[in-house]
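Okay, here's what each chain looks like letter by letter:
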Amino acid sequence: METDLKLESTVWVGSKRYRAVLTGWHFNWTELDKKNRDKKTISVPVAEVVGVEEGRVEILPQKSIEDTDKVFTVFYVKRSSTGSSYGLLWTLGRTQFSVPSRVLRDQWTKHLRAALKTHSPVRPNRLLVFINPYGGKKKGRKIYHSLVAPLFELAGISCHVIVTERANQARDHLLKKDLTGFDGVVCVGGDGMFSEILHGLIGRTQQEAGLCENDPTVTLQPCQRHIGIIPAGSTDCVCYATVGVIDPVTSALHIIIGDSQPLDVCSVHQASGLVRYSVSLLGYGFYGDVLAESEKHRWMGPLRYDYSGTMVYLSNRSYAGIVQYLPADPLLSSPRDRTRCLSGCSVCSRSTERLFPHSSDAGSLYSSHYSQFSGDSEGEWVTVEGRFRCVSLTCMSSSCPKSPLGLSPSAHLADGTGDLILVWDTHPLGFLKFLYRHTSTEDQFDLPFVEVHRVKAVRFSLPPGKEQEEYEEIGGSSGGMDEEERGYIETVSRSGSQQHLADRGPGREMTNVQKTGNPFLCGLCCSKAPAVSVWNCDGEILPSTEILSRVHGQLVRLYARGIEDGAAMHCSEDIERGCTLQI
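Residues numbered from 1 in each chain as written. Predicted model: local features only at pLDDT ≥ 70, side-chain atom pairs only at ≥ 80, totals over all residues. Heavy atoms only, no water.

Peer 1: Please explain the overall build of the protein chain as it appears in this structure.
Peer 2: Counting secondary structure elements, the protein chain contains 14 helices and 24 strands. Taking all 583 residues of the protein chain together, 57% fall into the buried category. Only carbon and sulfur atoms are counted for the fraction: they give 51% of the accessible area of the protein chain, which is about 25,100 Å². (Helix = DSSP H or I, 4+ residues; strand = E, 2+ residues; numbered from the N terminus. Buried < 20%, exposed > 50% of the residue type's maximum accessible area, 1.4 Å probe, protein only. Areas by Shrake-Rupley, 256 points an atom, 1.4 Å probe, with all protein chains shown as cover.)

Here it is in structure tokens:
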């Protein structure tokens, strides 16, 4: 019960009279009738107040100020339904209050601003912003300057903006430049730009902690700086899976109020060191083939993914492999329990206590959490071998507009586990049914050729004899490469966050799958299908086939709060019809 009363007075909104009350945690205004009886109450949490300005002020679509002595304007988060079951759209609410005197107006603005500082201490003050001007429809600059920058200015956030001119510029900046004074890093772009920020921040944090990213047994240091995502790319999977909508204003408001959502990250290693980090999809087989095929048709834009998916499906491929995985505790959660990781998820909250049991500081991981990687626990690994249509690992649902429930609907953002999905070789219509169920509410795992396991680590290797085939088919055919292709391969093979991986052994890398004379569309037009596929790691092709992937619990934090339940919006509407509306 709130007893921390700060200020109360009569105010006017337009021609209607209200009683406004500021408590410790909420700002409420209640409409009064002619007999001074309460009618409708609007309640805004202080933590969701964006800013307070003297006079009549408007921010979006254009800023305008009318300075009046007896008026102040309050900006706050306002929610609206997107029409789906999950995810709420945030907009900038604005209410102008008139009071009898300038003294009272100054009291209101002073108390509201003081309440913001007291009850929203984690809000960012200074941000480093990277804009990708080439991503998506090339509207990154326009989105930032017209929709996001005015909101940051209203909230009193100072920003250092960098418009990137080349690939990996953001990552390199984070690895090498002075980051003192920045509370967080914001990317204006798609999943590719987010991946650059991810690799740069993780790499920088491990450098400062003196840890080696190339060692898969090392417990990585969680990053203290938050990452904000302003969606402006051709794919915005991470934003959709952590916020529930793809909307720049919604994401900007999450950043402003300092929301904090921990996120699990997979590190992907090969024999000699780190290859990449992944948060959404690490896929071999179908998903790898689609990405490799789509790279040949970049001129088609986003349509290339649909086209390539169709052609790869028609090629009807499967691949031999050995999958080993380290199961997570089945008593904590299950990928088939039909739960959803929503804002305030209890599974992720319990995992925080499990991952950080002796420290309130997320920078200190429980040292025994990853003891399973020691040689003493090799017997806990489970091994399966056969032919697979696809092998996938995801640390989140990987939902998107085309697949609202995602690759694994019950996956969690911050429970320290990933979901391993194995799709065994099957007839084409069976595989088509599996793919189609991703676009509906049907259970894609309820098929006899599909397995899903909640895991902490995964190894993938080729069966004996296939390693030589791989080398002959791919490595052996690389003699015809020109210098440009060799430079491309060298760049890809050094795609880790610090570009200092050791030399790789022969027969272990997919060095030139997309560049050799062996086209991927073999099932339709070639006599021999490829013996191996490639790994799709968050939209990037990995140079390695045999990998070890390990899940690092809550390694980074986003300016987000998870997907809000759309049912809460309907509940608020019901409350409004009663007497109180919580916005």
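Here the narrative resumes.
Peer 1: Where do I start with helix 9 (residues 346-355) in this structure?
Peer 2: Since the α-helix advances by 3.6 residues per turn, residues separated by three or four positions end up pointing in the same direction. For helix 9, the full list of buried residues reads Val 347, Cys 348, Ser 351 and Leu 355. Viewed end-on, helix 9 has its buried residues packed into an arc of 90°, placing them on one side of the element. Elements in contact with the buried residues of helix 9: strand 23 (547-558). (Arc of directions from axis to C-beta. Contact = heavy atoms within 4.5 Å.)

Peer 1: Can you walk me through the packing of aromatic side chains in this structure?
Peer 2: In this description, an aromatic ring pair is defined by two values, namely the gap between the centres and the angle between the planes. Following the criterion strictly, the structure yields 17 aromatic pairs and no others. Both rings, one in Trp 29 and one in Phe 97, keep their centres 5.1 Å apart while their planes meet at 85°; by these two values the pair is edge-to-face. Of this pair, Trp 29 sits in strand 3 (residues 26-32) while Phe 97 sits in strand 9 (residues 88-98), placing them 68 residues apart in sequence. Exposure remark for Trp 29: the relative accessible area of 2% places this residue in the buried category. Each member of the aromatic cluster is reached from another via a ring pair, and the members are Phe 27, Trp 29, Phe 72, Tyr 76, Phe 97 and Trp 108. Its guanidinium or amino end placed over the ring of Phe 182, Arg 126 lies 4.2 Å from that ring's centre, counting from NZ or CZ. Over the face of the ring belonging to Trp 381 we find Arg 459, whose NZ or CZ atom lies 4.0 Å from the ring centre. (Phe/Tyr/Trp six-rings, centres within 6.5 Å; stacked < 30°, edge-to-face > 60°. Lys NZ or Arg CZ within 6 Å of the ring centre and 35° of its normal.)

Peer 1: How do you make sense of helix 8 (residues 303-315) when you look at a structure like this?
Peer 2: In this model, helix 8 (13 residues) spans 19 Å end to end at C-alpha, consistent with the 18 Å of a helix rising 1.5 Å per residue. Within the span of helix 8, buried status applies to Arg 304, Ser 308, Gly 309, Met 311, Val 312, Tyr 313 and Ser 315. Backbone geometry just after helix 8 places Asn 316 at a positive phi near 55°. (Expected span 1.5 Å × (residues − 1).)

Peer 1: Help me understand the pairing of strand 19 (residues 418-424) in this model?
Peer 2: For a regular strand, the rule is simple: side chains alternate between the two faces of the sheet. Most of strand 19 sits out of view: six of its seven residues are buried. Looking at chain direction, strand 18 (residues 382-394) and strand 19 are connected through six bridges and run antiparallel. Within strand 19, the residue paired with Ser 392 across the bridge is Ile 421. Where strand 19 lies against strand 20 (residues 450-461), six bridges are found, and the strand directions are antiparallel. When the bridges of strand 20 are listed, Leu 420 appears paired with His 453. (Pairing = 2+ DSSP bridges.)

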